[in-house]
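# Coordinates in review
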Amino acid sequence: MAVNRTPLIAGNWKMNLDHLQSIAFVQKLAWALKDAKHDYASTEVAVFPPYTDLRSVQTLVTADKLDLRYGGQDLSQHDSGAYTGEISGAFLAALDCAYVIIGHSERRQYHAETDEIVASKTVAALRHGLVPVVCVGETAEDLEQHGPSAVPVAQLAVVLAALDADADIVVAYEPVWAIGSGQAATPEQAQQVCAALRASIAEHLGEAAAERTRILYGGSVKAANIAGFMAQRDIDGALVGGASLDVDGFASIARFRQHVGTV
Ligand code: PEP
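Reference entry: report on the structure contained in this document.

Procedures and definitions
Residues numbered from 1 in each chain as written. Predicted model: local features only at pLDDT ≥ 70, side-chain atom pairs only at ≥ 80, totals over all residues. Heavy atoms only, no water. Salt bridge = Lys/Arg side-chain N within 4 Å of Asp/Glu carboxyl O. Helix = DSSP H or I, 4+ residues; strand = E, 2+ residues; numbered from the N terminus. Buried < 20%, exposed > 50% of the residue type's maximum accessible area, 1.4 Å probe, protein only. Phe/Tyr/Trp six-rings, centres within 6.5 Å; stacked < 30°, edge-to-face > 60°. Polar contact = N/O pair within 3.5 Å; in protein donor to acceptor, adjacent residues only side chain to side chain. Contact = heavy atoms within 4.5 Å. 1 Å grid on protein atoms, 1.4 Å probe; cavity = no way out; pocket = protein on both sides within 12 Å on 5 of 7 lines; lining within 4 Å. Points joined across faces, edges and corners; volume = space filled by probe spheres on them. Nonpolar A, V, L, I, M, F, W, Y, C, P; charged D, E, K, R; others polar.

### Section: the pattern of salt bridges
One pass over the structure, following the stated rule, counts 14 salt bridges. Arg5 is the salt-bridge partner of Glu211, the closest N and O atoms lying 3.7 Å from each other. Residue Glu211 is found in helix H9 (residues 207-212), and its partner Arg5 is found in the segment before strand S1 (8-12); the two are separated by 206 residues along the sequence. A relative accessible area of 30% places Glu211 in the partly exposed class. Relative accessible area serves as the criterion here: at 2%, Arg5 is assigned to the buried category. For Arg233, the salt bridge identified is with Asp234, shortest N-O distance 3.6 Å. You can call Asp234 buried: its relative accessible area is 8%. Members of the salt-bridge network, linked through shared partners, are Arg5, Arg198, Glu211, Arg233, Asp234 and Asp236.

What follows is the structure, encoded as structure tokens:
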């Protein structure tokens, strides 16, 4: 974690919690962080509920003036039209979403999202003023065949080729073998890949973009291991799946600075 980049702790709820549950969850999370005197300016906290929850979350965040950010888990590469089931970035922006996750490995695997689609969705997000959280990561087979960095760097390169140097994006390095497996990468492994991703951003978009872009690690992050990741130079936060569904656990991850042995 570098001092000039504000860490982001992001909770990907996936297909969990309906709109009523989302209200209770966000209220409890806000209380837990308030009780702990969390400084949102020093560590940003965001949740990524299902689409059907977003209006409820927006209403609560606005009414209670919460500092929590939120976003969608995906968006369409198109802005409007005959695309049944798709959600436009314009709709997410209208609900005051700050972020949108793009190219999560579950989208790539179950919805055949290619690097080109991920690039096109990233451009769509930027078009609507949303900050895309672009996910990249290798499978266990990729790791065995190509080593740790080759596949995530190649995936990101396709996205970077479609962007201007001033594009505001977040990158999430999520090794597929670590997602939901309970077997996180080591902080050193994650750092190695995140450094390679940052070098690739420098190559495509320039040093300033590389210095400013936040790179998250994701894959079996929990309160017990977050500090090790956050101590790495090129890791600026975490994309958290399973552990983001537990209010206290997620609040504790957001409070990583308080953990023993942290930076
Ligand atoms: C994810 O799905 O983005 C993720 C990182 O999941 P988990 O934290 O459960 O491994």
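### Looking at the packing of aromatic side chains
Aromatic ring pairs: the centre-centre distance and the angle between the two ring planes describe each pair. For the structure on display, the rule yields four aromatic pairs. On the basis of an interplanar angle of 65° and a centroid distance of 5.0 Å, the ring pair of Trp13 and Phe25 is categorised as edge-to-face. Separated by 12 residues along the polypeptide, Trp13 in the loop between S1 and helix H1 (19-35) and Phe25 in helix H1 bring together distant segments of the chain. Accessibility assignment for this pair places Trp13 and Phe25 in one class, buried. Pairing Phe48 with Tyr99 gives two aromatic rings, centres 6.3 Å apart and planes at 50°, and the pair type is tilted.

### Comments concerning the side chain of His104
Counting through the fold element by element, His104 comes out in the loop between strand S4 (99-102) and helix H4 (105-110). Among the polar contacts made by the side chain of His104, one reaches the main-chain amide nitrogen of Glu106 at a distance of 3.0 Å. Other than its neighbours up to four places away in sequence, His104 contacts Asn12, Lys14, Cys135, Glu174 and Ile179.

### Side note on empty space enclosed by the protein
This structure, assessed with the given rule, holds one cavity of 30 Å³ or more. Its boundaries defined by the atoms lining it, the largest cavity holds a volume of some 50 Å³. What lines the largest cavity is Gly103, His104, Ser105, Arg108, Cys135, Val136, Gly137, Gln155, Glu174 and Val176. Going through the elements one at a time, H4 and strand S5 (131-136) are the ones with two or more residues in the lining of the largest cavity. Partitioned by chemical class, the residues of the lining of the largest cavity number three nonpolar, five polar and two charged.

### Points about the layout of surface pockets
Looking at the largest pocket, its volume works out to about 410 Å³. Taken together, 18 residues line the largest pocket, and the ones lying closest to its centre are Tyr51, Gln73, Asp74, Arg107 and His111. Broken down by element, the lining of the largest pocket gets its largest block of residues, three residues, from H4. Counted by class, the lining of the largest pocket contains seven nonpolar, six polar and five charged residues.

Nothing here speaks to function; it is all geometry.
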